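# Fold and contact review
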Amino acid sequence: MRFIRALVVIAALGASTVSAARADTIMFMDSVPLQPTNFMSSVTLPKFDPNLGILEKVTVKLAGHVEGMAQFESLDAEPAVVTMELAAEVKLQRPDMSTLVVTLPLIMTMDNATAFDGVIDFAGTSGKSYPLLTADDTNMFMTMDMMDLALFTGPGNIMLPVMATGASTGSGAGNLLLQFSTSASANVMVTYDYIIPEPATAGLLSLGAFTFARRRRRRAVQIAAHLT
């Protein structure tokens with residue numbers, strides 16, 4: 001019975017330790033400045049310091065931005081509705097180049113163009129120019145996978161590749177001239193969710209285990225003495 005009671009006491013101490021542990025978060029940010037697509041760059045972020053506690057979840061947030069110029073000239077002999085999308089695919093990757101999160105910032109235009117007015121100037125009645133279009137998109141990735149937790153844990157920093165690819169398109173006329181100039185940027189934020197065990201309750205757990213072991217040894221000695 002004493003053995004069972006001791007187990008119950010240690011189990012209760014263990015439950016107290018778990019319930020007493022408190023949760024906390026820490027965040028880090030880095031960015032890739034605006035530059036013409038297509039590019040490959042990277043962000044550098046501090047890893048989670050295991051001395052702070054036990055990492056439970058990693059959240060990676062990617063904010064992609066695109067801006068640039070778009071223009072068209074319809075060469076059709078009839079009127080047409082011309083649409084354009086200024087866009088870029090911004091991708092954040094792990095160090096092994098596997099994808100973490102992707103954004104697709106884009107902005108769409110729609111214009112009624114007349115039959116070709118005879119001048120390729122991306123203006124007039126059959127063409128149009130947009131000197132500055134901008135768009136933003138945000139996406140995030142959350143993981144509790146043990147491999148990802150290990151990847152983001154340890155001393156120093158982790159370097160994550162960032163790719164931005166131009167993805168602009170246009171349509172609406174069978175004979176259509178399009179011209180795009182796109183630049184992109186990226187902001188990356190990583191959030192570490194972790195728990196902090198309370199030292200006091202952890203000490204109680206160790207004390208309970210020590211007391212239990214000492215009583216077990218004392219009981220064993222008493223039994224041995226009785227048998228002899």
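That block above? That's the structure.
In this text the structure is predicted, and so the values were computed from the model without any measurement.

## So, the pairing of strand β10 (residues 176-196)
As defined by bridge partners, strand β1 (residues 22-36) adjoins β10 across 13 bridges and the pair is classed as antiparallel. When the bridges of β10 are listed, I26 appears paired with Y192. Pairing geometry for strand β3 (residues 54-74) and β10, over 20 bridges, is antiparallel. Directly across from G68, in β10, lies its bridge partner T182.

## Some words on the packing of aromatic side chains
Ring pairs (aromatic) are described by centroid distance and by the angle formed between their planes. All chains considered together, the criterion is met by four aromatic pairs. Measuring from centroid to centroid gives 5.8 Å for F48 and Y192, while their planes differ by 65°, and the two rings are edge-to-face. With a gap of 144 residues between them, F48 in the loop between β2 (39-46) and β3 and Y192 in strand β10 connect regions that are remote in the sequence. Exposure remark for F48: the relative accessible area of 2% places this residue in the buried category. Relative accessible area serves as the criterion here: at 0%, Y192 is assigned to the buried category. In textbook terms, an aromatic cluster arises when at least three aromatic residues are bridged by ring pairs, as seen for F28, F48, F152, Y192 and Y194.

Basis of the calculations
Residues numbered from 1 in each chain as written. Predicted model: local features only at pLDDT ≥ 70, side-chain atom pairs only at ≥ 80, totals over all residues. Heavy atoms only, no water. Pairing = 2+ DSSP bridges. Helix = DSSP H or I, 4+ residues; strand = E, 2+ residues; numbered from the N terminus. Phe/Tyr/Trp six-rings, centres within 6.5 Å; stacked < 30°, edge-to-face > 60°. Buried < 20%, exposed > 50% of the residue type's maximum accessible area, 1.4 Å probe, protein only.

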